[in-house]
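Okay, here's what each chain looks like letter by letter:
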Amino acid sequence: MERSRNSRLKIASIAMVVPMVVGLAIFAAYPLVYLVALAFSRSDLGNRFQKFVGLDNFTWAFEGTIFGTSLFNSVWFALAASAIQVGLGLFIAYLLHSYVRQGRLLRTLILLPLMTPPIMVGIAWKLMLNPSGGWLNGMLLRFGAIDQPISFFGDRTLAFPAIMLADTWQWMPLVVILCFAALQSVPEDVYEAAAVDGAYPRRTFWKVTLPIIAPALVAVYLLRLVMAFKTFDLIYALTQGGPGNATTIATFEIWRTAMREFDVGLAAAQTLLFAIVVTVVTLPVVMLFNHLEKRT
Amino acid sequence: MTEPLPRSPRSVWLARLWLALAILFFVLPILYLLSTSFKAPDDVLQGRFFPTDPTLANYPAAFGHVPVASMIRNSVLVSILSAAITLLLTVPATYAMVKLGFMRTIIPNITLASYVAPPVIALIPLFFLMQRVHLIDTIAGLALVYGIMNIPVAFWLLRSFVRAIPDEIDEAAWIDGASYWRTLVRIALPLLVPGIVATALICIILSYNELLFASSMTFGESSRTITVGMSLFQGERLVNFGQMAAASFAGMVPVYVIAVFFQRYLIGGLTQGSVK
């Protein structure tokens, strides 16, 4: 009796899990194996595995292409954009938490950027910042702040900040929603105790609230970091990696190598290198999260 | 609700100002896009916020220039189909992991690992796989790719909802002699409806908004999605901004409808999965 129950449990469990595991295998395990094979071969889009070339694709990625630059751009874009978004997002969430009682309309408005397809986010910000017909340039010209329209996406130093602006517009709402939930999960008696002690709101925030929500904040940063490494659409819509290679990030460069230059072997090597970089950059944040969660 | 601490009037006023600025920042680009969609070509170049001479001409022109309507239809079909696939694959597995204790440590780890990996990793291999099974350039093929792509997100969202079901409820059903599948379908599923709705909506939005896979796996009018359509606008030398804005706005309407009508589900789903 007990045995048949155990075997029934096992059969049901396996049957429930298998479809998802097969799905993950198709999406994650199979691509990885396939990529490793491609990376060591000369392959193009129409004609794969022409010949084994050892590490040629890997060395060529650094010596013959701008892939190194694109890796650097990806890392600093992900780190910086996520930091800006978590900082500003926490600030807005704190204001919402402390000063707004009925926030239905506010929450719906905040959701809109988050829901917008990233390619349309790019289009909206292109309209905002364009040299001809852009709202910001129109404003600045009319108030006499500038004589010549500024080409935000055509300028080496301004292009990345402009992309970060659009990225922040889209993703800061997610940070606000998550930080708001974290603030609401702080037990009420914590505030009461602080108020009895006569602590000012600002002091209460830094000394009491922030340590409590620190693990959640690191988790949000980690989530944004992972998502920021996947950015593709914004670059595609706004700069196509330019001017020059100023905004070429790894995802865009891999896509271009594979789908525009058809060098699939090289793209596979680039992809593997990129995966290693993503892991190396996110690992310390994961360790920080584990450390903070253990402490509390 | 936490009772806010007493605030000075000045700090309340300052907080409202900051919040107003934030809201302005969030809605301004959308309003400007909408406003641009009503501008004639020479009006666009003025860079003023409101159209001087509002026109509706951009909408029929954009829908004639690019098959916007069929692209939106493709996007809606793909995203709904893919969300159904994701849920079919993920709900039983999540249930088995949480309630039957099956592969309790392995599954979270492999889903997390496959979420962290940038999707561009899967692009090339899946392109060839879809080509092999003749699903390239089809709605079904793209829906299948998205259906699998969204498994990790759906798993992390659903997990907290399944956990919230008290164990006694399932155990009572098993003691009564109900099979595990029956318990899942008859007992757990009805309790999971809010979580499933939230997860489905988030998966629909993720699929609707996706560009990378869509741009590589759809070429023809019968399968091309709206995000791909909008990306093609970017390649043209002389972009008609009014028409581009009109097509963009039309393409944004489906997700905004979801945002407005299902705000609670969306925020509930987003906060359930990620922080807890």
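Rules of the game
Residues numbered from 1 in each chain as written. Chains lettered and ligands numbered in written order. Predicted model: local features only at pLDDT ≥ 70, side-chain atom pairs only at ≥ 80, totals over all residues. Helix = DSSP H or I, 4+ residues; strand = E, 2+ residues; numbered from the N terminus. Rg over C-alpha atoms; globule rule 2.2 N^0.38 Å. Contact = placed C-beta atoms within 7 Å. Domains from an automatic or database assignment. Nonpolar A, V, L, I, M, F, W, Y, C, P; charged D, E, K, R; others polar. Core = buried A, V, L, I, M, F, W, Y, C linked by C-beta atoms within 7 Å. Buried ≥ 20, exposed ≤ 12 C-beta atoms within 10 Å, placed from the backbone. pLDDT = per-residue confidence, 0-100. Expected span 1.5 Å × (residues − 1). Axes fitted to C-alpha atoms, helices over the stretch in contact; angles between N-to-C directions. Parallel < 35°, antiparallel > 145°, perpendicular 65-115°, else oblique. Left-handed = near helix turned anticlockwise from the far one by under 90°.

### Observations regarding the overall build of chain A
When you go through chain A residue by residue, the secondary structure sums to 12 helices and two strands. Written out in order from the N terminus, the α and β elements of chain A read α-β-β-α-α-α-α-α-α-α-α-α-α-α. Radius of gyration (C-alpha) of chain A: 24 Å, far over the 19 Å computed for a compact globule of 296 residues. The principal-axis extent of the C-alpha atoms belonging to chain A is close to 85 × 75 × 30 Å. Across chain A, the fraction of contacts at a sequence separation of at least 24, relative to all contacts at a separation of at least 6, is 71%.

### As for the overall build of chain B
Regarding its fold elements, chain B presents 14 helices and zero strands. Of the regular secondary structure in chain B, the N- to C-terminal order runs α-α-α-α-α-α-α-α-α-α-α-α-α-α. Each principal axis of the C-alpha atoms in chain B carries an extent, and together these give about 75 × 65 × 30 Å. For chain B, the share of sequence-separated contacts (at least 6 apart) that also reach a separation of at least 24 residues comes to 77%.

### Description of the domain arrangement of chain B
Residues and elements named next belong to chain B. What the domain assignment reports for chain B is domain 1 (9-59) and domain 2 (67-275). Taking the mean C-alpha position of each, domain 1 and domain 2 sit 32 Å from one another. Opposite the 10 residues of domain 1 that make contact, domain 2 presents eight residues. Counting residues per element, the side of domain 1 that touches domain 2 draws most heavily on helix H1 (residues 9-36), which supplies three residues. Split into classes, the residues belonging to the side of domain 1 that touches domain 2 amount to six nonpolar, three polar and one charged.

### What to know about the nonpolar core
Grouped together as the largest cluster of nonpolar side chains are 176 residues, with contacts concentrated most on Cys179(A) and Val220(A). At 18 residues, helix H7 (residues 156-184) of chain A tops the list of elements feeding residues into this core. The residues that make up this core include at least three from each of domain 1 (9-59) and domain 2 (67-275) of chain B. If we ignore the near neighbours within four places in the chain, the residues touching Cys179(A) are Gly89(A), Leu90(A), Ala93(A) and Val220(A).

### Quick look at the interface of chain B and chain A
On the side of chain A, 81 residues touch chain B, which itself brings 81 residues to the contact. The biggest single contributor to the side of chain B that touches chain A is H1(B), with 15 residues. Across the side of chain B that touches chain A, the residue classes break down as 62 nonpolar, 17 polar and two charged.

### Things to note about the confidence of the model for chain B
The predicted model of chain B has a mean per-residue pLDDT of 87, with 95% of residues at 70 or higher. Mean pLDDT in chain B bottoms out at helix H14 (residues 263-275) of chain B, which sits at 76, and peaks at helix H4 (residues 68-99) of chain B, which reaches 94.

### Section: unusual backbone geometry
Even without a glycine there, the phi angle at Phe262(A) is positive, about 60°. Position of Phe262(A) among the secondary structure elements: in the loop between helix H11 (250-259) and helix H12 (264-295). A positive phi angle, near 65°, is found at Asp137(B), a position not held by glycine.

### Comments concerning helix H8 (residues 151-163) of chain B
All names here are of chain B. Here H8 is 13 residues long and its end C-alpha atoms lie 18 Å apart, about the 18 Å a rise of 1.5 Å per residue gives. Among the 13 residues that make up H8, 10 are buried, leaving the element largely enclosed by the rest of the structure. For H8, every residue scored as buried is listed here: Ile151, Pro152, Val153, Ala154, Phe155, Leu157, Leu158, Arg159, Phe161 and Val162.

### A short note on the packing of H4(B) against helix H13 (residues 241-261) of chain B
Residues and elements named next belong to chain B. For the pair H4 and H13, interaxial distance at closest approach is 10 Å and the crossing angle is 25°. When the axis of H4 is compared with that of H13, the two are roughly parallel. For the pair H4 and H13, the crossing hand works out as right-handed. In this structure, H4 uses Val68, Ile72 and Val76 to contact H13, whose residues at the interface are Ala247, Ala250, Gly251 and Pro254.

### Structural notes on the packing of helix H3 (residues 58-65) of chain B against H13(B)
Residue and element names in this part refer to chain B. One can describe the packing of H3 onto H13 by two numbers: an axis separation of 8 Å at closest approach and a directional angle of 80°. With respect to their mutual orientation, H3 and H13 come out roughly perpendicular. The residues of H13 that touch H3, namely those facing Asn58, Tyr59, Ala61, Ala62 and His65, are Gly242, Gln243, Ala246 and Ala247. Considering only residue class, the contact of H3 with H13 consists of five nonpolar, four polar and no charged.

### Some thoughts on the environment of Pro152(B)
All names here are of chain B. Among the structural elements, Pro152 can be located in helix H8. Taking the C-alpha atoms as reference, Pro152 lies 7.1 Å from Ser114; in sequence the two are 38 residues apart. For Pro152, the residues in contact, after removing those within four places along its chain, are Thr111, Leu112, Ser114 and Tyr115.

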